[in-house]
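# Overview (structure and organization)
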Amino acid sequence: MCCEIKCLMNSLIDTISGTDWWMFGITSVSIICSAILSILLYRLTKKLGEQQNSIQQNNLRIQMHKEYFEIYEALDKDLTQIENLKFQFLSLLEEGAAHPVYNNSVERIMPRAKQLLPPNDYDKLDEFLGNYKYVEQNILYIYKYTQSCYDEFQRELKNCLKKEGIESFLNKLYDITDYFDVEDFRNRIIKIINLKRGGFVEKIRLYSDLSDILQ
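Residues numbered from 1 in each chain as written. Predicted model: local features only at pLDDT ≥ 70, side-chain atom pairs only at ≥ 80, totals over all residues. Heavy atoms only, no water.

### Examining the packing of helix α3 (residues 85-95) against helix α6 (residues 151-164)
Packing of α3 against α6 leaves a shortest axis separation of 10 Å and a crossing angle of 150°. Relative to α6, the element α3 is oriented roughly antiparallel. Here the hand of the crossing between α3 and α6 comes out left-handed. Of the residues in α6, those in contact with K86, F89, L90, L93 and E94 of α3 are Q154, L157, K158, L161 and K162. (Axes fitted to C-alpha atoms, helices over the stretch in contact; angles between N-to-C directions. Helix = DSSP H or I, 4+ residues; strand = E, 2+ residues; numbered from the N terminus. Parallel < 35°, antiparallel > 145°, perpendicular 65-115°, else oblique. Left-handed = near helix turned anticlockwise from the far one by under 90°. Contact = heavy atoms within 4.5 Å.)

### Regarding the nonpolar core
Judged by nonpolar contacts, the single largest core of 47 residues is most densely connected at L75, L85, F89, V106, L125, I166 and I189. Taken together, the elements giving at least two residues each to this core come down to α2 (21-83), α3, α4 (106-116), α5 (119-147), α6, α7 (166-177), α8 (180-197) and α9 (200-206). Discounting residues that sit within four places of it in the chain, L85 has contacts with V101, V135, I139, Y143, I166 and I189. (Core = buried A, V, L, I, M, F, W, Y, C linked by side-chain atoms within 4.5 Å. Buried < 20%, exposed > 50% of the residue type's maximum accessible area, 1.4 Å probe, protein only.)

### Details of the pattern of salt bridges
Here the structure, examined in full by the defined rule, presents 10 salt bridges. Its salt-bridge partner being E202, residue R205 comes within 2.6 Å of it at the nearest N-O pair. Highlighted residues: R205 and E202, both in helix α9, separated by three residues, approximately one helical turn. What makes E202 partly exposed here is its relative accessible area of 39%. (Salt bridge = Lys/Arg side-chain N within 4 Å of Asp/Glu carboxyl O.)

### With respect to α3
Listed in full, the buried residues belonging to α3 are L85, Q88, F89, L90, S91, L92 and L93. Of the residues trailing α3, G96 is marked for its positive phi of about 80°.

### Concerning the confidence of the model for the chain
Per-chain confidence: the chain averages 83 in pLDDT, with 75% of residues scoring 70 or above. Mean pLDDT across the elements of the chain bottoms out in helix α10 (residues 211-214) (50) and peaks in α5 (95). (pLDDT = per-residue confidence, 0-100.)

So, in structure tokens, the structure goes:
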């Protein structure tokens, strides 16, 4: 038994003595380095993939920005026409001349808006278009009713317009004329103005906002 143990010990010593420890160390270091490089490469590949996805998403948003902005721009142009009615009526009362409502821009972008906007926002835009077209088609009649008022009433209307704005002016005009289409015209204008006051225009603008990309 002692001889067997002795032989075993001698064999173990010979094996250890015969091992090339430099090669073993180099091989071990190589394996460890390969593992570290593999981990780093995996992380780098994953990060590059995430960055590529982010770039693609941002590029898509930039492409869509133009289309969303065209919707906002059209809405803003038509709203500017409505807001300028105050000056048109002032020109009518002071100089006897005023211009029709132009730039029905929203109608042009409605097909694309239907594809891009949520249904509720599209319905509001469609309602705006209907009200705007009514104003566009009937503004000359309202000019005519304004001019047909007596001088005293025209002075009241002018003062009301300067001090209180288009809504009060139309209320006063309706009180004077008692025409149904004046009331309808006034209601359409109020709906358009309330749409802006309610933040709808700003909401449409924010669809094209790229501030988070440009930071």
